[in-house]
Structures are given as structure tokens and as C-alpha cells.
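# Close look at the chain arrangement
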Amino acid sequence: MTASVTVRVPAKVNVQLAVGGLRPDGFHDLANVFLAVGLYDEITVAPADELRVTCTGPDAGQVPLDRTNLAARAALALAERYGRDSRVHIHIDKDIPVAGGMAGGSADGAGALLACDALWGTGASREELLEICAELGSDVPFSLVGGAALGRGRGELLTPLEVGGTFHWVFAVADGGLSTPAVYAECDRLREASGTGAGIADVPDPEASAALLDALRTGDAAALAAAVSNDLQAAAVSLRPSLAATLAAGTEAGALAAMVSGSGPTTAFLVTDETEATKVADALRASGTCRAVRVTSGPAAGATVVRG
């Protein structure tokens, strides 16, 4: 058996997040256009006396180290399916913002799944791994796949999308996290308060924007900026009003588009090129409206074995 396996897995930004009405099972149908970006966690797994999780990197203290961690759940799910010994040490070298709407936890789940698959030599097919990913959480399948994709259902039913260029992004990391369930609940509350209703009979079925998909395909940053949208943004700002100042600071600095990433509280700014990214990042740092700023680009590859 290999001594250890390390997998690198990317963060994501939702360039479109269309949220349908509240279903009877408590979930929402989504049209979720994912773009993987070049901020990465590295997950290393090695045989151990017991299943344990460790974590280093920014905000590592906020990462659960018990069996609620998606990386541990991924190892347990794969071990159960293939009759393997789940006693592994999972180490997460974290660089994706924690609880920031960039799928850091989902990335760790996908990374651990791929790493354990390689360590144990299960021979699982891509389809089987994606099936386990979908059981773990709505964003986990995309973390495995990377690139760009349209997620339907709860986001787990993926259709790969063509991307015709590189898109440059600046991310502003907020203090603390936001609970994804709380943001969805606030979205429902705001819909009820507006008088439109929040149920599946009240809200149109979510659909991907044709203009947005075309902008991705042609690599047109200005067209993408005109088409980005996030139905959870109003809810995230309602729960964390300070995000409005961060969004305004990035816009004033010249970003083509400013949006909350996923359920937040990280905010994402689309820019034309690396020079503009540096300018917007410097302005966000100087604004005092966020805790940290990260510059990167996408699309990025999905979970990839880098050692072992």
C-alpha cells in the first residue's frame, strides 16, 4: 500500500445561483453555475491507528476535526462501500477560506474521497465517486470535477460547461462565517415578506442564463459581468449588512461585477486582467471592510492527485 496520497482540490465561485422555491423536503431546486478557481486545499491521507483529522492553514481553528468533517465522512463512506479499513490520518492543508461560500468543506470531502480511493486502490469508477460525493453534499461533486459546470437538483447533478478563456477574480474574506441553512432560510423569509411567497408554487423554476453560458463559452469577461447573479445575495447581506460596504468598495475600485460568493460571506469581484485584480485588491485592503483579500483566476482543474 502507498504510504500516503496527497490531493489538491480547488475553491469555487457561483457565477449564477438561481434558487427555486422551498420544497416539501426542505431543499430548493437550483440552477447553479460553478466555476472552479485557483485557491486550493491539499488533503493528505495515510494509514493510521484510528480515523483522525488534522488541519493547518488560515482559520484552521474553525475546521471541525471530528467525524462531522466532510473529509472524515468521505473516508467512512468509501470504506463502507468497498470494505476497506477506515483508519486513516487525514491532514487538511487549508488555503480556501473557511465557511466563506467557496465550498472549502466540500473541497475537503472530494479531496479525501479521491485520496482514499488512490490509497486503498478501490478501483471505483468516476460515476461511483460522484455518487458518493452527491451523498456527502450538494457542492461536493463539483469539487471533484472542477472546471465549470451547471448544477441542477440541489446542485449535485452536473453538466460540464465550455469555458473559452481565463477569468480573473478578487475575493474579499469577511470576519466569521455564515450558516448556509440560515442564508437559505433568510432567502425564504425575504420572499414571504415581499409578498411573492417562497414555495415551489410561488417561485419560477430556476434556469441557467443563456447570456451567462455564452459569456463563459466565449471567454468574454464584460459579458459575464453583465450576466452574473446570486439569488442568495440579498439574504446574505440581510444577515451580514457589512457586506454591502465591501461590495461597494470593490465596485468603486473598478471591478466589472461584485457579488456574494454562494451563501457568503466571502464576496467575489470579477475584473478584466491581473493588473486590474491588483488594483481592486489593494483598494479592498485599504477600505477596511474585509479581513483578507485573495487574487486568483479560473477555471481550475478539479481534485487531482499530486503526490502518492
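Attention in this report is confined to the structure presented alongside it. Here the structure is a predicted model, which means the values were calculated and not measured.

## Describing the sheet that holds strand 7 (residues 167-173)
A sheet is described by the order of its strands in space; here four strands give the open sequence 9-10-7-11, paired in antiparallel fashion. The open sheet is flanked by strand 9 (257-260) and strand 11 (292-298), the only strands paired with a single partner. Geometrically, the sheet is characterised by an average inter-axis angle of 25° between neighbouring strands, direction not taken into account. Sheet analysis places strand 7 next to strand 11, joined by seven bridges and oriented antiparallel. Note that in strand 11 the partner of Trp169 across the bridge is Thr296. Each of strand 7, strand 9 and strand 10 (267-271) touches helix 9 (residues 243-252); the most contacted strand, strand 10, lies at about 10° to it.

## Re the packing of helix 1 (residues 70-82) against helix 2 (residues 104-120)
Where helix 1 contacts helix 2, the axes come no closer than 7 Å and their chain directions differ by 35°. Of the two possible hands of crossing, helix 1 and helix 2 adopt the one that is right-handed. Here Leu70, Ala71, Ala74, Ala75, Leu78 and Ala79 of helix 1 come into contact with helix 2, specifically with Gly105, Ser106, Asp108, Gly109, Ala112, Leu113, Cys116, Asp117 and Trp120. Across the contact of helix 1 with helix 2, the residue classes break down as ten nonpolar, three polar and two charged.

## As for the packing of helix 9 against helix 10 (residues 274-287)
Where helix 9 contacts helix 10, the two axes come as close as 9 Å, and the packing angle between them is 140°. Regarding the angle of helix 9 to helix 10, the classification is oblique. When the axes of helix 9 and helix 10 are compared, the crossing they make is right-handed. On the side of helix 9, the interface is formed by Thr246, Ala249 and Gly250, while helix 10 contributes Val280, Leu284 and Ser287. Residues that form the contact of helix 9 with helix 10 fall into these classes: three nonpolar, three polar and no charged.

## A few points about the pattern of salt bridges
Any two side chains of opposite charge can pair, so long as their charged atoms come close to each other. For the coordinates displayed, the defined rule picks out 17 salt bridges. Among the salt bridges present, the one from Asp25 reaches Arg23, with a minimum N-O distance of 2.7 Å. A salt bridge links Lys94 to Asp108; the shortest N-O distance between them is 3.3 Å. Placement of Lys94 in the loop between strand 4 (88-93) and helix 2 and of Asp108 in helix 2 is noted, with a sequence separation of 14 residues between them. Per residue, the accessibility class of Lys94 equals that of Asp108, and both read buried. When salt bridges that share partners are traced, they join Arg23, Asp25 and Asp29 into one network.

## Some words on the state of the cysteines
Throughout the structure, instances matching the rule amount to zero disulfides. The thiol of Cys55 is not disulfide-bonded; the next cysteine sulfur, from Cys116, is found 16 Å away. What makes Cys55 buried here is its relative accessible area of 15%. The structure places no disulfide on Cys116, whose sulfur is separated from the nearest cysteine sulfur, that of Cys133, by 12 Å. The buried category is assigned to Cys116, whose relative accessible area is 0%.

## What to know about the pairing of strand 6 (residues 157-160)
Strand direction decides the pairing type here: strand 5 (residues 148-152) and strand 6, joined by four bridges, are antiparallel. When the sheet's bridge partners are listed, Gly151 is paired in strand 6 with Leu158. Where strand 5 hands over to strand 6, the hairpin turn is made up of four residues, of which Gly153 adopts a positive phi near 65°.

## Some thoughts on the packing of aromatic side chains
By the definition in use, this model includes two aromatic pairs. Summarising the aromatic geometry, the rings of Phe34 and Phe142 are spaced 4.7 Å apart at their centres and angled 10° between planes, so their arrangement reads as stacked. Highlighted residues: Phe34 in strand 2 (residues 28-47) and Phe142 in helix 4 (residues 140-145), separated in sequence by 108 residues. What makes Phe34 buried here is its relative accessible area of 0%. Since its relative accessible area comes to 2%, Phe142 is described here as buried. Arranged with centres 6.1 Å apart and planes meeting at 20°, the rings of Trp169 and Phe171 form a pair that is stacked. Neither Trp169 nor Phe171 differs from the other in exposure class; each is buried. The ring of Tyr40 is capped by Arg8, whose NZ or CZ atom sits 4.0 Å from the centre of that ring.

Reading the values: rules and limits
Residues numbered from 1 in each chain as written. Predicted model: local features only at pLDDT ≥ 70, side-chain atom pairs only at ≥ 80, totals over all residues. Heavy atoms only, no water. Pairing = 2+ DSSP bridges. Helix = DSSP H or I, 4+ residues; strand = E, 2+ residues; numbered from the N terminus. Axes fitted to C-alpha atoms, helices over the stretch in contact; angles between N-to-C directions. Contact = heavy atoms within 4.5 Å. Left-handed = near helix turned anticlockwise from the far one by under 90°. Nonpolar A, V, L, I, M, F, W, Y, C, P; charged D, E, K, R; others polar. Parallel < 35°, antiparallel > 145°, perpendicular 65-115°, else oblique. Salt bridge = Lys/Arg side-chain N within 4 Å of Asp/Glu carboxyl O. Buried < 20%, exposed > 50% of the residue type's maximum accessible area, 1.4 Å probe, protein only. Disulfide = S-S within 2.5 Å. Phe/Tyr/Trp six-rings, centres within 6.5 Å; stacked < 30°, edge-to-face > 60°. Lys NZ or Arg CZ within 6 Å of the ring centre and 35° of its normal.

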